[in-house]
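Fold and contact review
Given next are the chains, with one letter for each unit.
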Amino acid sequence: METRAITTPATRTITPLEAGHRGAAGSARSSRSAWIEYALLAPAVLTVFVAHGLGGATSAQAALILIAAVSAAGVTVWRGTLGRSLDYRPLYAAAVCFVALLAFVVWTAWAPSSRLLQGPLAALVGSSRVAIAPDQTQLELIKLVGLAAAVICGFQIGSEALQARRAVNLILALGLAWTLAALGGFLINGQARLRGLFVSPNTAGCLLLCLFLLALGRAARPLTQQRGRPLDKAIRAAPYAAYAALLALCLSLTASRSALALAVALGPLLVGARFWRARPEKQAWIAGAGVVGGVGLALLAFA
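Values in this document were obtained by computation on a predicted structure and should not be read as measured data. (Residues numbered from 1 in each chain as written. Predicted model: local features only at pLDDT ≥ 70, side-chain atom pairs only at ≥ 80, totals over all residues. Heavy atoms only, no water.)

Quick look at the environment of A44
Mapped onto the elements, A44 comes out in helix α1 (residues 16–53). You can call A44 buried: its relative accessible area is 12%. Considering only alpha carbons, one finds A44 and A73, 29 residues apart in sequence, at a separation of 4.9 Å. Excluding anything up to four places from it in sequence, A44 contacts A73, C153 and I157. (Helix = DSSP H or I, 4+ residues; strand = E, 2+ residues; numbered from the N terminus. Buried < 20%, exposed > 50% of the residue type's maximum accessible area, 1.4 Å probe, protein only. Contact = heavy atoms within 4.5 Å.)

See the structure below:
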């Protein structure tokens, strides 16, 4: 029987020049992939800011358009960036509660009469239906469907860490543009309270609060990493810290007490939670600093 020797191809040493070319090619592909993913995430983020700028779903037609936009953005994210099936089981409990609420709202909007609204109560509200204003209830029903679409889209985006961070980067970038425009309008038009494009300054305060917490979380992230020099961590955190400071200033100009109270309560809690998880050996010091800082901020804010 004839036997043949099994030979393996000789391994060729890769020169530093070839390694550099391969690394550059991989970096270029990674950069292109990042830009593609940003482009796929942009519609979902833009829909939120455009909806705010247009005043929200003030009519059934506007609500349906926004629902279609959010749903299309969710499908784009799912098909373009994930390419895999998701485990929706964490949403099951919320889905059951949502369906129950939806059924109740449908009943209140279309129920012809109710024993609860007979006699003096029917004369008081001027209607024999469960819903006092059925037309507005139907509009809110459409908004609830839009809320469900937004939650599913957010779940898809947040299911992957890198994708979620890129979505946060987009939100902060668009939020910075909105904040600067709102601050410019406040200074130029001499507004009593900063409100941006909104009718109520309290609505602007809620948006600024969300942006403030996101910026604060991104500022704390490099500081809680174990590796790296303290100076390098501070340099990476500085832009987000400056952004958070700008948002805090604009938040104070809205004079929204609820938004300011939530910023004072949730800001230290968010930063403390990040350091708590990253530095378990210093949890006692972190807890003490959080209590002292929270009390100090509360006294400063409501003095």
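Still more ground to cover, so stick around.
Considerations on the side chain of T47
Locating T47 in the fold gives a position in helix α1. Among the polar contacts made by the side chain of T47, one reaches the main-chain carbonyl oxygen of P43 at a distance of 2.6 Å. (Polar contact = N/O pair within 3.5 Å; in protein donor to acceptor, adjacent residues only side chain to side chain.)

Examining the nonpolar core
Of all hydrophobic cores here, the largest spans 24 residues; its most connected members are W178, L194, L208, F212, A215, Y243 and L247. At the level of secondary structure, the elements contributing two or more residues to this core comprise α6 (161–189), α7 (201–223), α8 (230–254) and α9 (257–278). With nine residues, α7 is the largest single contributor of residues to this core. The contacts of A215, once residues within four sequence positions are left out, are L172, Y240, Y243, A244 and L247. Counting residues in each nonpolar core, the second largest holds 13 residues, with L41, A44, C153 and L170 among its members. (Core = buried A, V, L, I, M, F, W, Y, C linked by side-chain atoms within 4.5 Å.)

A look at α8
The terminal C-alpha atoms of α8 lie 35 Å apart, and with 25 residues this matches the ideal 36 Å at 1.5 Å per residue to within 8%. If you look at α8, its biggest bend is around 40 degrees, right at A238, and the proline P239 turns up within four residues after that. Those residues of α8 lying buried are K233, A237, Y243, A244, L247, C250, L251 and T254. A255, located one to two residues past α8, shows a positive phi value of around 55 degrees. (Expected span 1.5 Å × (residues − 1). Bend = angle between axes of the 7 residues up to and from the residue.)

Re α6
Here α6 spans 41 Å end to end across 29 residues, near enough to the 42 Å set by a 1.5 Å rise per residue. With its phi angle positive at about 65 degrees, G190 sits one or two positions after the end of α6.

This is a description of form; function is not addressed.
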